[in-house]
Structure formats: C-alpha cells, structure tokens
Amino acid sequence: MPAVSKGDGMRGLAVFISDIRNCKSKEAEIKRINKELANIRSKFKGDKALDGYSKKKYVCKLLFIFLLGHDIDFGHMEAVNLLSSNKYTEKQIGYLFISVLVNSNSELIRLINNAIKNDLASRNPTFMCLALHCIANVGSREMGEAFAADIPRILVAGDSMDSVKQSAALCLLRLYKASPDLVPMGEWTARVVHLLNDQHMGVVTAAVSLITCLCKKNPDDFKTCISLAVSRLSRIVSSASTDLQDYTYYFVPAPWLSVKLLRLLQCYPPPEDAAVKGRLVECLETVLNKAQEPPKSKKVQHSNAKNAILFETISLIIHYDSEPNLLVRACNQLGQFLQHRETNLRYLALESMCTLASSEFSHEAVKTHIDTVINALKTERDVSVRQRAADLLYAMCDRSNAKQIVSEMLRYLETADYAIREEIVLKVAILAEKYAVDYSWYVDTILNLIRIAGDYVSEEVWYRVLQIVTNRDDVQGYAAKTVFEALQAPACHENMVKVGGYILGEFGNLIAGDPRSSPPVQFSLLHSKFHLCSVATRALLLSTYIKFINLFPETKATIQAVLRAGSQLRNADVELQQRAVEYLTLSSVASTDVLATVLEEMPPFPERESSILAKLKRKKGPGAGSALDDGRRDPSSNDINGGVEPTPSTVSTPSPSADLLGLRAAPPPAAPPASAGAGNLLVDVFDGPAAQPSLGPTPEEAFLSELEPPAPESPMALLADPAPAADPGPEDIGPPIPEADELLNKFVCKNNGVLFENQLLQIGVKSEFRQNLGRMYLFYGNKTSVQFQNFSPTVVHPGDLQTQLAVQTKRVAAQVDGGAQVQQVLNIECLRDFLTPPLLSVRFRYGGTPQALTLKLPVTINKFFQPTEMAAQDFFQRWKQLSLPQQEAQKIFKANHPMDAEVTKAKLLGFGSALLDNVDPNPENFVGAGIIQTKALQVGCLLRLEPNAQAQMYRLTLRTSKEPVSRHLCELLAQQF
Amino acid sequence: MIGGLFIYNHKGEVLISRVYRDDIGSQAADSAVFSSSGPFLGERLGGSVRNAVDAFRVNVIHARQQVRSPVTNIARTSFFHVKRSNIWLAAVTKQNVNAAMVFEFLYKMCDVMAAYFGKISEENIKNNFVLIYELLDEILDFGYPQNSETGALKTFITQQGIKSQHQTKEEQSQITSQVTGQIGWRREGIKYRRNELFLDVLESVNLLMSPQGQVLSAHVSGRVVMKSYLSGMPECKFGMNDKIVIEKQGKGTADETSKSGKQSIAIDDCTFHQCVRLSKFDSERSISFIPPDGEFELMRYRTTKDIILPFRVIPLVREVGRTKLEVKVVIKSNFKPSLLAQKIEVRIPTPLNTSGVQVICMKGKAKYKASENAIVWKIKRMAGMKESQISAEIELLPTNDKKKWARPPISMNFEVPFAPSGLKVRYLKVFEPKLNYSDHDVIKWVRYIGRSGIYETRC
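Residues numbered from 1 in each chain as written. Chains lettered and ligands numbered in written order. Predicted model: local features only at pLDDT ≥ 70, side-chain atom pairs only at ≥ 80, totals over all residues. Heavy atoms only, no water.

**A closer look at the interface of chain B and chain A**
Put simply, the rule reads: Two residues form a contact once any of their heavy atoms are found within 4.5 Å. By buried area we mean the combined loss of accessible area, with a 1.4 Å probe, across both parts when two parts are placed together. Only one rule defines a salt bridge in this text: a Lys or Arg side-chain nitrogen within 4 Å of an Asp or Glu carboxyl oxygen. Here a polar contact is recorded for every N or O atom pair within 3.5 Å, except that within protein the pair must consist of a potential hydrogen donor and a potential acceptor, and residues adjacent in sequence are included only if both atoms are side-chain atoms. Note on conventions: DSSP H or I runs of at least 4 residues are helices, E runs of at least 2 residues are strands, and numbering of each starts at the N terminus. Residue type decides the class: Asp, Glu, Lys and Arg count as charged, Ala, Val, Leu, Ile, Met, Phe, Trp, Tyr, Cys and Pro as nonpolar, and the leftover types, Gly among them, as polar.
Across the boundary between the two partners, chain B contributes 23 residues, which contact 16 residues of chain A. Here chain B meets chain A over a buried area of about 1,600 Å², counting both sides, of which 47% is carbon and sulfur. At the boundary of chain B with chain A, the tally comes to one salt bridge. Between B:Glu372 and A:Lys31 there is a salt bridge; the shortest N-O distance is 3.9 Å. Summed over the shared surface of chain B and chain A, the number is seven residue pairs in polar contact (both at pLDDT 80 or more). At the level of secondary structure, the elements contributing two or more residues to the side of chain B that touches chain A comprise strand E17 (354-361) and strand E20 (387-396) of chain B. In terms of residue class, the side of chain B that touches chain A is built from six nonpolar, eleven polar and six charged.

Quick look at the structure:
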C-alpha cells in the first residue's frame, strides 16, 4: 500500500484532537465539539465546493467526534463523495467512515454500493482491496446480496493480484459467516481448493480459512482439498526455517498456516489414499520429532508457535484415532508437558490428554501419568488447571486404578475449591459406582463423600446409593452397619441422616441382633437427629419410624409416643402433621399382617443409567459428553455394573405393595383391604364424611400417596424422571417390521387384541387409559415347545418422545418356557402431545439363534382422549373459536370398508371422542368432541365426519387447539374407514 | 450525622478528606471495581474509606451519563454533593440524615471557605488545606454541624499564623465564653466611630412562559442581606410590608388597610438567621435580633403571588423549508421608565444542524455562539417601558436524522434596581440601651436588586 506522505498529514485534525485532549472538563469538551461541528456544517453548507483534502479532513474529524461518543447526523454524503476520489488516502478515509457509521438501511446504500462496484471493477489492486475490506467490515445482508456473486469471481480470476485474492477470500468468509445462504456454491468452489497450491503464502492462509468454513457445510464438495492440504503441509513442515522468508516466525515456518491446515484436516476422516496418508503420517511424525529438538531460540514466541503446531497436530491425531503409534507418541509428548514450567502448557496438556484417554490405543499410555496428574491435582496453584486434572483423572479411570483415583479425589475434596466441589462429588459417585467390584467399598466411599462434602452431595447421589443398596442383597447388612456407625458421629450432615434414616428403616433389622445396635438404640440414635433436620428429612424420618414399628414391634410404644407428641400431631407443617396422624392411626388400627404388607421392604428398582451421570452431563454441557462416556469405548471397563444385569430378586412377581407404589391416580386394583379400612377410619378421624371430599385427595388416594416413600426424597421421584437412558439406544434396535404400521392401525380404535403373531411368538395387548395415564398389559406367548432364552422386551422412545411420554416397564423373566405366556405391565403417562408411538423391541434366543423384533407399541395420542358431551350450541361456538387455518385438518378419502353407520359409530367411540347427536343438521354426518389429556396441557378436539354413500367417500374435518395434533389425529382416523 | 466529607477536583482526585464516622466505606464500594486513588489521598485513608471515595468518583464524577441528582446512593451509602466551578464537595453518610440539613451545611461550608480565601478553586484549596481541616474540625463534630458563623469562626481561626503569644488568657477565655454563650455570633465590646448599617434586598425571579405569553410558573426567591457596623450589643427590629403584619395593624385604622393593601405582599415561606428571635416572630410576627458583626444573611423568603415580571419575551420562530429558520424575538421592559435594567442577555437556542446564522438587532450586540448552540444577545442598559427587537436567519444543513428539533426555551438574564416581589423595607430600628447612640445616629443604607433566575419563554 502506498505510504502516507508527510504532506497528507492533516494539521487541522491534529490541532482539534489536541484541543479535545487538553479540555479540563466534560463541559469544555462538549463546547469544543459543538464549535467544531458548527464549523464543519458551515463548510459543508458553503457554496463553493470543497477540495478533496478538506473534505477528507472534515470527514475524519466527524469520525473522531463519533468515536468519542457523540451523534453524527451529517457528512455521509461527503464521505460517499470521497469514495470516488482517485487518491488513496481520501478513498481510505471515505471507506473508513462508511464502515463505521453507515447503517444498512440508509438511503445512501445504493450510492455506496455503486462506488464499491466501480472499485471492484477497477484494475487498481489497492482500490479493490479497499472495497473488499469495506464489504467485509460492514458485512450486512444487503452488502452480501449485492456482492456475494462478484467476490468468488474475483477470488478465482486468473489475473487477480495476490493481495486482492487474499482480501477476497477473507471477505467471502465474512459474508459466508454472516449469511451463508447468500454465498452461491458453484464451479468456483473447485477452483478455490486449488488456491492451496498458490505461490503466495498469504493467499493460501486466507484460502484455508475460507475452505475450512465452507467444508463444514458441504464436506463432499471440498474433499479434494485433503491431498492438497497434506502436500502443502508437508512442504511447510519439511522446509528449513529460512525457506519461507516473510512467513517464518521466530524460526518456525508459517505457523499460522500450519495450524489452519491441521484444522482443515480435522474436518475429514483419515485420508483413504495410502500415499496421501503415508505423507500425512510422515508430517505428523516430523512435527512430533521437531518437538524433541532443542529450541532454536529462547524467545517465548518461538516456543509458542512451535507448541501451537504441536497441539494442533495432537488434536488431529486424536481426531483420526487410528494410528496407535502416533497416539502413544502424542501421549508421551504431553506427558513431558505435564511437568513443564508454563502453567498454560500444563493446562493444555491435561486437556488434550483427557481426549487421549478416551482412545483405546492410548488409554494405557495415559494411565502411566497417573501420579503426575494426582500431584497436579494437589499442587497446582490455578483452579482451572486443577479442574482439568480432575477431569483427566476421571477420564483415565478404569477398573485397575479406580480405588486409587477415587481415594485421591476424596482426599482432594477436603481442600477443593468450592466452585468445583459439586462436580468432583458427582465424579466420585459415578466412578465409585461404575467400577465397584466390592459394594461395601462403594457404600464406604459414598458415605465418606457425604461426610466430607455433604453440602455438595446432590439428591441424585444419595438416591443412587439407596437404589443400589436396595437392589443388592449382599450389601444391605453392611450398609446398615456402616450408616449406623456414621450416624454416631456427634455432628453429621443432613444428607447422612436421610441416607441413614432410609437404610435403617429398610434394613435396620439386619443389624438388630447386635446389642450395640438394638432397635431402641437405632431409634434413639435417629431421633436424636430429628430436631436438627429440615422438614423434608423429618418427613422421611417419620416414614422410617412407621417402618420400625413393622420391623421391631418392641419399639411400637416409644414410636407411638413420639408420633402422638404435640410437636408432631399439631405441627405447623401440614405434611408432617398428616404423616404423624396417619402413621399413628395406621400403627394402632392395622393388624401386624396388614402392617407387614403395607410396609413391606421396597422392591428393587429397575436398572437404568444412573441419573448422576445425566446430571454431570448437564453440568458440563454436551461437549464433555464424549470424555465422560469413555467407558463405553474402553473394552476393559464396560458393563461391570451398568449393563442389564437383573439380580435374582428383581424377577419376583410384583408384590402388592409394589402395586401400591404404582401410579397414584390409577385405580388401585390390588389395594389391600387394609387401605380401604384405613381410609374409612381416616374419614372418621376427619369427623364427618361430608367434609371429606373437600380435603383434597380422596381417602384412598391420600392413603396411597402416603404409602409411597416420602415424596421429595422418594425413589419414585427418580422413576418419574423421564430419562430412561439405560434403554438400549435407538441404534441397537432394528427398524420396525414392515407390518408395524398396519398392526398399529388396528389398535387406534380398540384397546385389546393381538398385536403380533408369527410362528414363534404371539403378543397380546390389554390396555386401559384414564386421563393422561394408562396401563398396558403385554402378554408374550411362546408358541413353540422350546424355551426362549434371554427374553428381553424393551420399550424405546425414538426422537424426543421421552419428553412427551413416560413409559415405565416392569421386568419380565429372561426365560419363557415352551407354550407358556408371560405378562408385562407397562405404566404409561402422557406428558405432552406426541406423534410417533414408542417402539417395542423384543429380543430373545430361540434354539441358539438370536431373534429380534421391533413393533410399534399401540399407544397413540387418541388413547388419552376424554369424551366430552356438549350441546349443539356449545359445539358450534367452540368450532368457531378454533377457526384458525392451522388448527383445522381436513381429509377427503375413499372408504376402504363398507360404509355402515353403526360400525362407524363404534369406531368413533373407540377412537375416544364422544358422539354428539342432533348437532349436525344432516343426520348422516357424525360429530364428536373430546379432550386430549396430557400432563403438560390439554388439547380440546372437535371432529366431524361426513360420509358420502354415493361416491363411497368420506370427508373428515378435525379442529384442535394444536396444529400437529389436528393433522396427526386426522391421519390416524382416516385410516380407520 | 455526616459520616465524612470529601472535596474532589474535576478529575476526581481527592483534595480534602475528613472522616467523622467509621461506618462509611466498608460496603460502599462493593458494587464497583476501582482503580488507584488520587494523589492527595495519602496514607491517611484506610482501605474501606478509599472505597467510598472511589465509589463517588466512579459513579458520579466520572459517570458516563451526567449525574443530575445531588443525592446518589451507592451500596446503601448516600453521597450528597454540591459543585462549585470544578470542585465537588461530597458529604457521605450511611444513616438516614436530614438531606436538607446536609445541603444547608454544604452551602454554609462553601460560604465559610469563600469568606476565608475567596473563590473556591483547586488552587485555593490546595494552598489552604491546613486551614480547611482546621475549619472542618470546628464546624463539624462527629458528623453534627456546629457553629458555622464566619464572624465567630474568624475570631479563633485565623490566617495570620500563630497569635497565641500575643493573645492574653483573658482574650482566650473571652472567646470561649462568647462561642459557648447565648449570643455566640457576636462578641462584646465592639466599638465603631460611625455606626453604619447596609441592607440589601436581593431577589431572583424565575419564570416559565408559554409562546402565547401565558405565565406557566413564576416565583421569586429573595434574600435580605445585612452588613452591620454597630457598636455594643444593639437590638434591631426589622419591618417590611408583610401582608399579615399590615392587616393586623390595619385593623385599627380601616383606611390604612385600603391604602396599603396593594403594597403588602404575601410571603409563602421564610427562614431566618439564627440571631432572629423566633419566639417573637411567632407571637408578634416582628423580626427582632442582635446582629452579628459584619455581613450576614438575615432572612430568606419566597413569594409566588403578584410578581412584577420585569421583562416580557415575545418569540416568533418560522421554519422556511427544511434548510432555513427565521427567528424574531422582541423584549419589552415592564417597569417604571425612570429605572434602568442592566446586564441584559437573551439566549436563543439554535438547532443542532445549524450551518450559518445572520443576526440583525436594533440595540446591543448579538452573536452566534456555536460552542453553546445559541445566539447570545447582550444589551448593557435598558430603561423601563421600552422594547427592542432581534431577528435572525438560521441556515440549516439537511440531515438524514428524522428527529424534529425540540425547540428549547429562550432564556434571559438581567438585573433591575427594584424587588420584583414588591417587597419594601418599612423600617429598621436600632436600640442600644447601654451605649449612648440612638436610632437616629445610625446611618442606614437600603438597596434593592432584582436578578433573573431561570427566566424562560418557550418558543
């Protein structure tokens, strides 16, 4: 670019700026600016034309005033005039003013675009560059629209100067980032790739940036860039530091370009061509070798540039994840950095190693650095580095070193920063569970965790302990003993009390034999903590007490006294009061048998992915997921505990109490007589049946809800959590069988029947729905005489269905004898409207060959239909309210079945809507209404079916308050006639 | 209860810092991040107080938007400030103080400083900072204002260096007994050869008028300032044409009521110097006092009724197209032709996109001041019942800004030799029972000055 000659310096501008700088106060500054503005205004207004120099000077002053924070509302025209000047400095100032001050909706934009167009068309490279810079700086949509087509042409034109090409590439990149849709893809894309071969390094650098951005969108279009990038990279890497002259930075040849090329390569999988691959591997090796060489300079810039390339190389190696040799070398290189003086290098090394740990090839190599990392966790001064160390420890953990890592993390937890404590707690909890061989170790670890960092132990963590203890017979006794001991500490955390209360309530009997932990001792120990706890914990403890009455009848009198105490019976908190009242009554009226049934030990929880993991993922964001999931890729560590591994007890048939624990609002078919009795009694207690309905839940329901474990801390809360991630992912199950849709259609209007049948297996369905809840019984009949092995039916939610529908399955036996039938109960809750039905995947082994079958579960949105009766008048009023075009769905179709009014009526009723007579003036037509009940919302729905017997056609019109629902229902129903 | 007092220069550097209570500071500045403090802070300030100091600087002096409220709350700490040219005085407190009291104190503080070293400027404050600390020690005790009477202060805080060698014990004890005595504002034994007395009635008249000449709001705030050079302990009695007093007296003679009814004025509210016996004012509505020696402000008052508006401004603004504006302003003087108004200045705001101005005026000088975005028209003198006119052509630069010009009001400054409120001094009697001079021997001077306050006319 032409240098600014001395004569071009603007004296007036310099004087003005120094005046402003010398102003003593804000007021003085404003006065000076007002004066200058008036001066400029009078100059611009003046009749005689200004010469280019003064125009430039005044525009410059205006720009300066604007940048000081004052509004400028004139001078744009003068700036635009400057654009057409032939002098570089004048043009430059004009463009500067425009890129800072002109907003896109200005009326001047046409003039500006014209000037830019002229400059782009000129042969003068500096002018072209200025114009390109202006386009990039403004970068608005309008600019994009005007020039997006021209710039690629300039970029690939054979006669463009290097500097112009460079600017054009960067300008295009800017426009592409701002509005990708405006940049047309075309034949130029192929030629852009060849810019990688350009002589000029600046052009190559700019082009790589552009290509990297473009290829993320259309990787296939730019595939050819791989080989070019590799050859370019190898030329740079192998060149001596003096070869590239201007592009050598502190003895490192073209570091920026190298880094960008490496990044570009990370957009693609490893090259398939062996020659290219060989050359790339050679490059990567050279980079790794160079890292070992002694530095050519002591300057920090030299090592920074070198390390930048190295780290990018390592991330490429990790990205490819296919060269064991390179991975191990990268790991060793990072290992050296772990003890480097530079904190930043240590941080980067820990971070990169975290990803390396997830590769099967380098996992072992990473593990060798465990001591260094543990040391880093303890001694690093910077909290962010410590955090990375903790991440790495988590990532490198496997069966062999779990105990060491968990104990180190626990030790660190005592001194850890508050900011990362919760995360470490979660990590410890997950690792302890995942790699626990010995569950007593697991229980110890978690209790330690609560002891050390009780405040940071989230609910999920201690829910999980309870789940695991409940599901494993072998640790129950040990757990009871350990919590009992832990509770003896003079001050223990509330979470400990919760865990203790629950475990002792369930398994206290296992340690009752020891006189040191006899029932009264257990009770008094728990009760000594009672007064220090929050309401939620107290509620839990009250439930524990009633369980004690069942477990240890000898404590009944003491506990009843406690429940009867005024502080409980008349507690200000209604939850505690209700519990005290109901438990007291229950303990006094129910016989021991009833009590034993009601307060039976909790059934095992279904195996599922730990909710802690989900929480950790939420906490870290999606990016961290890969590192956290590393266990899946690590062959030595998978499926120790996470897999489907039913314990013997889980196969037992559901006990009545388990049923009681089912859905609260569902009809309690298996409710023991005691509950009804107690319900009546409750009515008595509440003095007068008339008052009873107003008390909220009906006595039965109240009682049922009462018998659930205390709501806030109950494992039921876990079950309600709609994240059954332990289900095999959708990729594990095959696509639904071709007939699945047809089979599903059969069930749109009916609830019972045979869902599927082949020569091996028959699946029958019986279902009932009420409001947004449903219960489905699936009967699996083995039609052969051979036993099915590993029989496992699972329900899968494709897409985001799990946020819409909660399906809770009961486990079935893994073997189905020949000719036998097993039953599976599904509890279904509709959370919000959904379109696709859940999938039922059945897998089993028949005579040694694995069989898999995927069906659509006959749960469609209309199952949650509640018929609504209404008068004609109401109907039409509502019909009119739903008059938006998107609320209506209409379909005209040919009848597939004979048109029989009675059959149609039955189908409509089966569909779920109420049939309204005397609404439609034409008696041939059918009109229905209903409400779809979901947990989140209710969708009102009106339908009208007009049969046309002559044409054998139907017209079906549906109006609901939600558009997708209208369309979906319309399609479902149309297939029925 | 003022917690502390800071004086800043325009850069926000602390010139004077005096902390009376420990409660300020600690939390005051948690809200913001602060850079290093000014060079005059020294080591005297603890970290917590520095926070308060910095909080004010960051949030008020250097605030992005100009702070208009004189009271600023930062982190539950209140900052009361007044500004004198480039100097900021800020009183800081964490308690719920009487804000009017704090401002009264700050104004008094300014008066005291002005009485000691003239203009309040950075230079003067730096040169007198020992004196200022001495004054602050005296006039504020644990955050409670004390005697701030300049005359009394000057008896024991002097600028002439150490005088104690010459001062006898009696003199010192005399000062003590005077300052702590009943009449703290005057010492005994003052002797003048000529007993003289000056009385100034200073009024400022505020007005907002609609373009059509309708008075939207008008009030006069006035002060009676007295300069007394009287011997001994004279008892003075001041009388004016207060409506209540006149009517009370007029009850006896009905004709007098009708005669003087027009001349009496209704005073909305008034405040007095501490020397005035308020009990007597309450019971008899007579103003009697023993004056301090030298200059003091006897009373302050405000009136809103029957105000004589000395000038009337008649604006005429015409927009000719988008690029031209014609302004014609006529001022009319509205008082006795024998009186002369002085220092008349009319300020006509111009639009922000003014590119040129041509002015023609019959009288005085007019100039377009670009730095203030206004045409300033100055007239030295103007007699009553006259009128004068200015016309201006303003050229505008077309802008792409669609906003219309807001047309700020035309403002005016002047000085007239009468009281626009109509206040008249009826008498000022002096009694000195001990010394042998009577009311007639005292030479009395009375002067009325009416000035413009905010005197604006919309256009």
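**What to know about a nonpolar patch on the surface**
Our working rule: Patch membership is restricted to residues that have no salt bridge and whose relative accessible area is over 30%. Joining uses 9 Å for like charges and 5 Å for the nonpolar side chains Val, Leu, Ile, Met, Phe, Trp and Tyr. For every accessible area listed, the method is Shrake-Rupley and the probe measures 1.4 Å; residues are considered covered only by the protein chains on display. Relative accessibility decides the category of a residue: with a 1.4 Å probe and only protein chains considered, values under 20% of the type maximum give buried, values over 50% give exposed, and everything between is partly exposed.
Together, A:Leu67, A:Leu96 and A:Val100 line one region of the surface with nonpolar side chains, adding up to about 270 Å² of accessible area. Accessibility expressed as a relative area gives 41% for A:Leu96, which makes it partly exposed.

**Side note on the confidence of the model for chain B**
All names here are of chain B. Defined as follows: Note: pLDDT gives the predictor's confidence per residue, expressed from 0 to 100.
Residues with a pLDDT of 70 or more make up 89% of chain B, whose mean pLDDT is 85. Counting contacts from residues 26-45, a segment whose pLDDT is below 50, to residues more than four positions away or on other chains yields 40 contacts. Below a pLDDT of 50 lies the segment residues 254-261, which in the model reaches four contacts outside its immediate sequence neighbourhood of four places, other chains included. Here the predicted complex carries an ipTM of 0.74, next to a pTM of 0.58.

**A word on the side chain of B:Thr354**
Structurally, the position occupied by B:Thr354 is in strand E17. Residue B:Thr354 is classed as buried on the basis of its relative accessible area of 1%. A distance of 2.5 Å separates a polar side-chain atom of B:Thr354 from the backbone oxygen of B:Pro351. Apart from residues no more than four positions distant in its own chain, B:Thr354 is found in contact with A:Ala38, A:Arg41, B:Tyr368, B:Ile394, B:Glu395 and B:Leu396.

**Thoughts on helix H5 (residues 88-101) of chain A**
Residue and element names in this part refer to chain A. Put simply, the rule is: Expected helix span is computed as 1.5 Å times (number of residues minus one).
Given a rise of 1.5 Å per residue, 14 residues ought to cover 20 Å, and the 20 Å separating the end C-alpha atoms of H5 matches this to within 8%. Burial analysis of H5 places eleven of its 14 residues in the buried class, which makes it a mostly covered element. Within H5 the residues assigned to the buried category are Tyr88, Thr89, Glu90, Lys91, Ile93, Gly94, Tyr95, Phe97, Ile98, Ser99 and Leu101. The inward-facing, buried residues of H5 abut helix H3 (52-67), helix H4 (76-83), helix H6 (109-121) and helix H7 (125-138).

**Section: helix H21 (residues 383-396) of chain A**
Residues and elements named next belong to chain A. Under the 1.5 Å per step criterion, the end-to-end length of H21 is 20 Å for 14 residues, consistent within 8% with the ideal 20 Å. The element H21 is extensively covered by neighbouring structure, given that twelve of its 14 residues are classed as buried. Taken together, the buried positions of H21 are Val385, Arg386, Gln387, Arg388, Ala389, Ala390, Asp391, Leu392, Leu393, Tyr394, Ala395 and Met396.

**Here's the deal with unusual backbone geometry**
Residues and elements named next belong to chain B. Phi at Asp306 is positive, roughly 50°, even though this residue is not glycine. The backbone of Arg407 sits at a positive phi, close to 55°, despite the residue not being glycine. Note on placement: Arg407 falls in the loop between E20 and strand E21 (410-416).

**Considerations on the pairing of strand E3 (residues 753-757) of chain A**
Cut-off, in case you're wondering: In this scheme, strands are said to pair when DSSP sees at least two bridges between them.
As paired strands, E3(A) and strand E4 (residues 761-770) of chain A are joined by four bridges and run antiparallel to one another. Bridging across to E4(A), A:Val754 finds its partner in A:Gly764.

**Some points on the sheet that holds strand E7 (residues 805-809) of chain A**
Residues and elements named next belong to chain A. Rules: Axis lines are fitted through C-alpha atoms, for helices just across the contact stretch, and the angle between N-to-C directions can take any value from 0 to 180 degrees.
Spatially, the five strands line up as an open sheet ordered E3-E4-E5-E8-E7, and their pairing is antiparallel. Both edges of this open sheet fall to E3 and E7, since each of them pairs with a single strand only. Averaged over all pairs of adjacent strands, the angle between strand axes in this sheet comes to 25°, irrespective of strand direction. Where E7 lies against strand E8 (residues 821-830), five bridges are found, and the strand directions are antiparallel. Bridged to Ala806 within E8 is Glu829.

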